Amino acid sequence: MLVLVATDGWQILGVVALAVIPYFERPGSWGRVVALVVDSQARGLGVGRRLLAVAEQAAWDRGCVCMEITSARRRTAAHAFYRSAGYADRCGESARFLKELIP
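Because the structure is a prediction, the values reported are computed rather than measured.

Conventions and cut-offs
Residues numbered from 1 in each chain as written. Predicted model: local features only at pLDDT ≥ 70, side-chain atom pairs only at ≥ 80, totals over all residues. Heavy atoms only, no water. Pairing = 2+ DSSP bridges. Helix = DSSP H or I, 4+ residues; strand = E, 2+ residues; numbered from the N terminus. Salt bridge = Lys/Arg side-chain N within 4 Å of Asp/Glu carboxyl O. Buried < 20%, exposed > 50% of the residue type's maximum accessible area, 1.4 Å probe, protein only. Phe/Tyr/Trp six-rings, centres within 6.5 Å; stacked < 30°, edge-to-face > 60°. Lys NZ or Arg CZ within 6 Å of the ring centre and 35° of its normal. Core = buried A, V, L, I, M, F, W, Y, C linked by side-chain atoms within 4.5 Å. Contact = heavy atoms within 4.5 Å. Arc of directions from axis to C-beta. Polar contact = N/O pair within 3.5 Å; in protein donor to acceptor, adjacent residues only side chain to side chain.

Colleague: Describe in detail the pairing of strand E1 (residues 2-7), supporting the description with residues and values.
Modeller: Pairing geometry for E1 and strand E2 (residues 12-22), over six bridges, is antiparallel. Paired with Thr7 across the bridge in E2 is Ile12. Between E1 and E2, which pair antiparallel and follow one another directly, the connecting turn spans four residues, one of which, Gly9, has a positive phi of 110 degrees.

Rendered as structure tokens:
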């Protein structure tokens, strides 16, 4: 597990946690964002986008070829954010966003 924190000095603005899971059926691994939280006062400033980009790079560096983010259906603002970051909703009941990692 990798946990990355965004700060503006002393204040924590956001955090992202990444798990790397090896595929059994094909080469490589997939990265799963298990947490992405941005302080409500820092939202809209690009903190989440930067955290996600760093997590994606860290996943790529660890052999991941795909990323996953899950989110409750009621979190529609989060879903819009994930779509804008290149993730596609691939589930009917709960949200599951996938993004192929291409250098």
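Colleague: Residues and numbers for the pattern of salt bridges, please.
Modeller: In total, this model carries four salt bridges according to the counting rule given. Among the ionic pairs, Asp89 bridges to Arg73, the shortest N-O distance being 2.8 Å. Of the two residues, Asp89 is situated in strand E5 (residues 88-89) and Arg73 in the loop between strand E4 (64-71) and helix H2 (76-84); the sequence distance between them amounts to 16 residues. The partly exposed category is assigned to Asp89, whose relative accessible area is 26%. On the basis of relative accessibility, which here comes to 30%, the residue Arg73 falls in the partly exposed class. Where salt bridges share partners, they join Arg73, Arg83 and Asp89 into one cluster.

Colleague: Before we move on, could you go through the packing of aromatic side chains and cite the residues and values that matter?
Modeller: For the structure shown, the criterion picks out one aromatic pair. Directly above the aromatic system of Tyr23 lies the positively charged group of Arg26, at a separation of 4.1 Å from the ring centroid.

Colleague: Describe the nonpolar core, naming the residues involved and giving the relevant values.
Modeller: In terms of nonpolar packing, the biggest core is built from 23 residues, with Val33, Val47, Met67, Ile69, Tyr82 and Tyr87 touching the most fellow members. Elements with a minimum of two residues in this core: E2, strand E3 (29-38), helix H1 (47-61), E4 and H2. A total of six residues in this core trace back to one element, the largest contributor, which is H1. In this structure Tyr87 touches Leu52, Glu56, Met67, Ile69, Tyr82, Phe97, Leu98 and Lys99, once residues within four positions along its chain are discounted.

Colleague: Residue-level account of H2, with values.
Modeller: Buried residues of H2: Ala78, His79 and Tyr82, and no others. Taken end-on, H2 shows its buried residues confined to a sector of 100 degrees, consistent with a single buried face. In H2, the exposed positions that point more than 90 degrees away from the buried face belong to Thr76 and Ala77. Phi turns positive, to about 100 degrees, at Gly86, one or two residues after H2.

Colleague: Describe the environment of Asp89, listing the residues and the values that go with them.
Modeller: With 21 residues separating them along the chain, Asp89 and Glu68 place their C-alpha atoms 10.0 Å apart. Engagement of the side chain of Asp89 in a polar contact is seen with the side chain of Arg73, the distance being 2.8 Å. A distance of 3.5 Å separates a polar atom in the side chain of Asp89 from a polar atom in the side chain of Arg83.

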